[in-house]
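# Residue-level structure breakdown
The primary structure of each chain is shown beneath.
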Amino acid sequence: MKEISVNGLDFNPWDKIGKEWFLLTSGDEKGFNTMTASWGFSGVMWGKNTFITVVRPTRYTYEFMEKNELFTASFFDGKYRQALSFCGSHSGRDCDKMKETGLTPEFIDGTTAFKEAKLVLVCRKIYAQDMDVSLLADDVKPANGSDPIHKQYIGEIIKAYEA
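Notes on the structure follow. Because the structure is a prediction, the values reported are computed rather than measured. (Residues numbered from 1 in each chain as written. Predicted model: local features only at pLDDT ≥ 70, side-chain atom pairs only at ≥ 80, totals over all residues. Heavy atoms only, no water.)

## A word on the overall build of the protein
- The secondary structure content of the protein amounts to four helices and ten strands.
- Its helices and strands in sequence order give the protein the pattern β-α-β-β-β-β-α-β-α-α-β-β-β-β, from N to C terminus.
- Taken against the 2.2 N^0.38 rule, which gives 15 Å for 163 residues, the C-alpha radius of gyration of the protein at 15 Å falls within 12% of a compact globule.
- Its C-alpha atoms put the protein at 45 × 40 × 30 Å along the principal axes.
- Taking all 163 residues of the protein together, the buried fraction comes to 42%.
- Looking at the protein as shown, the accessible area adds up to about 8,700 Å², and 47% of this sits on carbon and sulfur atoms.
- The averaged location of the 23 negative side-chain charges in the protein is 1 Å from the averaged location of its 20 positive side-chain charges. (Helix = DSSP H or I, 4+ residues; strand = E, 2+ residues; numbered from the N terminus. Rg over C-alpha atoms; globule rule 2.2 N^0.38 Å. Buried < 20%, exposed > 50% of the residue type's maximum accessible area, 1.4 Å probe, protein only. Areas by Shrake-Rupley, 256 points an atom, 1.4 Å probe, with all protein chains shown as cover. Lys, Arg positive; Asp, Glu negative; His and termini not counted. Charge placed at Lys NZ, Arg CZ, Asp CG, Glu CD.)

## Concerning the pairing of strand β8 (residues 111–114)
- Neither face of β8 is exposed, since Thr111 and Ala113 on one face and Thr112 and Phe114 on the opposite face are all buried.
- Sheet analysis places strand β7 (residues 105–108) next to β8, joined by four bridges and oriented antiparallel. Bridged to Ile108 within β8 is Thr111.
- Hairpin connection between β7 and β8: a loop of two residues separates the two successive antiparallel strands, and Asp109 in this loop has a positive phi of roughly 55 degrees. (Pairing = 2+ DSSP bridges.)

## Let's talk about helix α2 (residues 60–67)
- Buried within α2 are the following residues: Thr61, Tyr62, Phe64 and Met65. End-on, the buried residues of α2 take up no more than an arc of 165 degrees, which puts them together on one face.
- Here the buried face of α2 lies against β2 (22–28), β3 (31–37), β5 (48–55), β6 (70–75), β9 (119–130) and β10 (151–162). (Arc of directions from axis to C-beta. Contact = heavy atoms within 4.5 Å.)

Right, dumping it as structure tokens:
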């Protein structure tokens with residue numbers, strides 16, 4: 001992977017995030033977890049290039065997001081769709097996602113990404129807050145009220161890499 005300028009990214013969030021999905025990863029060579037996400041935002045906040053994502057507290061990745069300053073968003077070619085599907089439907093508490101998917105962790109800048117990724121955003125957590133369910137529109141509130149609400153993480157994109 002080679003480092004590229006964040007400002008030079010060709011990044012369409014509706015495609016990259018919503019259609020192609022990404023792996024959200026936090027932790028390092030001592031321990032990490034990853035999960036597939038198809039929701040998030042990218043833009044400028046407080047004069048910083050940012051990537052924003054949300055994680056439910058029941059997800060194993062949440063523990064890593066809470067205790068680490070850094071996280072990555074890794075984007076892949078379509079041939080990795082099955083691996084991303086697996087990472088989104090299985091918990092790292094119960095299985096070795098790397099063994100099951102064949103993805104190769106790459107430890108960069110104090111965090112974890114994947115050698116197979118075509119684009120990696122390395123982010124430094126600059127804000128985190130539980131979402132307030134009372135502020136949600138009715139059509140996005142959990143139907144049964146039992147699903148835990150997400151926590152929002154805003155990360156400053158400190159580096160970007162492409163294959």
